[in-house]
Amino acid sequence: MNVKLLGTGNITSKRANSCVLIDQHILIDFPNGQYKKLLQEDFPFANLDFILITHLHGDRVFDLPFLFLDLYKRKRTGITLVGPSFLEEYVAELMRLAFGKDTGADILQGLRIRYIDVSESPSFMIGNLSITAFEVDHGNVPECYGYAFRHVATLVVTGESRMCPNLEEWARKSTYFICECGKEHKNAFHMDLDTLKDFAIKYPKLTILTTGMSNKMKKKIAETQFYHDNVIVPDDDYELEIM
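Cut-offs used in this document
- Residues numbered from 1 in each chain as written.
- Predicted model: local features only at pLDDT ≥ 70, side-chain atom pairs only at ≥ 80, totals over all residues.
- Heavy atoms only, no water.
- Phe/Tyr/Trp six-rings, centres within 6.5 Å; stacked < 30°, edge-to-face > 60°.
- Helix = DSSP H or I, 4+ residues; strand = E, 2+ residues; numbered from the N terminus.
- Buried < 20%, exposed > 50% of the residue type's maximum accessible area, 1.4 Å probe, protein only.
- Lys NZ or Arg CZ within 6 Å of the ring centre and 35° of its normal.
- Pairing = 2+ DSSP bridges.
- Axes fitted to C-alpha atoms, helices over the stretch in contact; angles between N-to-C directions.
- Contact = heavy atoms within 4.5 Å.
- Parallel < 35°, antiparallel > 145°, perpendicular 65-115°, else oblique.
- Left-handed = near helix turned anticlockwise from the far one by under 90°.
- Nonpolar A, V, L, I, M, F, W, Y, C, P; charged D, E, K, R; others polar.
- Arc of directions from axis to C-beta.
- Salt bridge = Lys/Arg side-chain N within 4 Å of Asp/Glu carboxyl O.

S.K.: Would you take a moment to explain the packing of aromatic side chains for this structure?
M.R.: By convention here, two paired aromatic rings are described through the distance between centres and the angle between planes. All chains considered together, the criterion is met by six aromatic pairs. On the numbers, 5.4 Å between centres and 50° between planes, the contact of Phe177 with Phe199 is tilted. Taken together, the positions of Phe177 in strand β11 (residues 176–180) and Phe199 in helix α7 (residues 193–202) put the pair 22 residues apart, joining distant regions of the chain. Judged by relative accessible area, which is 0%, Phe177 ranks as buried. Site record: aromatic cluster; members linked through ring pairs are Tyr35, Phe43 and Phe45. Between Lys173 and the ring centre of Trp170, over which it is positioned, the NZ or CZ distance is 4.0 Å.

S.K.: It is not clear to me how the sheet that holds strand β14 (residues 238–241) should be interpreted in this structure. Could you clarify?
M.R.: One open sheet holds the seven strands; their spatial order is β6-β5-β4-β3-β2-β1-β14, and the pairing between them is mixed. The outermost strands of the open sheet, each flanked by one partner alone, are β6 (114–117) and β14. This sheet shows a mean twist of 20° between the axes of neighbouring strands, independent of strand direction. When strand β5 (residues 80–83) meets β6, the two strands line up parallel, connected through four bridges. Within β6, the position partnered with Leu81 by the bridge is Tyr115. Together, β5 and β6 form the strand contacts of helix α4 (residues 87–99), whose direction differs from that of β5 by roughly 115°.

S.K.: I keep staring at the packing of helix α3 (residues 64–73) against helix α5 (residues 101–111) and nothing clicks. Help me out?
M.R.: The packing of two helices is summarised by the inter-axis angle and the distance between the axes. Across the interface, α3 lies against α5 with an axial gap of 9 Å and an inter-helix angle of 60°. By the angle class used here, α3 and α5 are oblique. In the packing of α3 onto α5, the handedness of the crossing is left-handed. Listed contacts from α5 to Phe68, Leu69, Leu71 and Tyr72 of α3 are Asp106, Ile107, Leu108, Gly110 and Leu111. Of the residues belonging to the contact of α3 with α5, the class tally is seven nonpolar, one polar and one charged.

S.K.: Mind showing me how you'd approach α5 here?
M.R.: In an α-helix, one turn spans 3.6 residues; hence positions three or four apart end up facing the same way. Looking at α5, one finds that the buried residues are Gly104, Ile107, Leu108 and Leu111. What you see down the axis of α5 is that its buried residues fit within an arc of 95°, all on one side. Those residues of α5 that are exposed and angled more than 90 degrees off the buried face are Lys101, Asp102 and Gln109. Buried residues in α5 make contact with α3 and α4. Arg112 lies just past α5 and shows a positive phi near 50°.

S.K.: What's the story with the environment of Phe226 in this structure? I'm lost.
M.R.: In this fold, Phe226 is placed in the loop between α8 (215–223) and β13 (231–232). In this structure the C-alpha to C-alpha distance between Phe226 and Lys197, which are 29 residues apart in sequence, comes to 6.5 Å. When neighbours within four sequence positions are excluded, Phe226 is seen to be in contact with Leu193, Leu196, Lys197, Ala200, Ile221 and Val231.

S.K.: Would you take a moment to explain the sheet that holds strand β7 (residues 123–126) for this structure?
M.R.: Strands pair in a sheet through their backbones, by hydrogen bonds, and they do so in one of two ways: parallel or antiparallel. Here we have seven strands laid out as an open sheet, ordered β7-β8-β9-β10-β11-β12-β13, and mixed in their pairing. Two strands close off the open sheet at either side, each with one partner strand: β7 and β13. The pairing of strand β12 (residues 207–211) with β13 spans two bridges and is parallel. Bridging across to β13, Ile208 finds its partner in Val231.

S.K.: What exactly am I supposed to notice about the pattern of salt bridges here?
M.R.: Once their charged atoms are close, side chains differing in charge can pair, the charge on each being opposite to the other. For the coordinates displayed, the defined rule picks out twelve salt bridges. A salt bridge links Lys218 to Asp235; the nearest nitrogen and oxygen atoms lie 2.8 Å apart. Residue Lys218 is found in helix α8, and its partner Asp235 is found in the loop between β13 and β14; the two are separated by 17 residues along the sequence. Residue classification places Asp235 among the partly exposed positions, given a relative accessible area of 47%. Where Lys219 meets Glu223, a salt bridge forms, and the shortest distance between an N and an O atom there is 2.7 Å. Within this pair, Lys219 and its partner Glu223 are both found in helix α8, separated by four residues, close to a single helical turn.

The following block contains the structure:
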């Protein structure tokens, strides 16, 4: 499994917002600015067939209209969009705002997108990858999800969440953990550095990769001495091969 962290920042950072690419055809989130970044890198959009959404905030989905326009012009069909129960309605409204009611609807009709509602179907297969969506705790934001990818090893992408029982459960079963860490101290919405330090001690065999970081938080995490040295603070486009 090839994993590329296309973005490791948050909305205030100079780096791209959190976005993960798996095996060149599975995206996790598609935030503002990501379409242009991939276009500049000559990304093979024709390979793309699954987009998994962690939650419906702008810094996770606001470039979807421009990606869909690109795929529509390439006459791509059958893209699968995975996420919360109201994802299809949200995407329709996003396309209306981006292109107007008629053009937005025409693009979606041409793409023939397939939707998977993870509140009803949390487990599914993509090729030889077994994927499970699980709820996380992003404060009062409804239907926020992390995703676990299982093949030879297990990779978890947490999305935005403070510490919660489901993160603990998947940490025990995982090898790699792509974990948002947006704050220094405990709060109602995000994983924080104080909790991350305890988490890294509790799960010494878990390799944790931080994302969703402001410039200030990235510097703080990079300067932190973790007891087991099992935390990686990656830059954008960091790649990981999971054998």
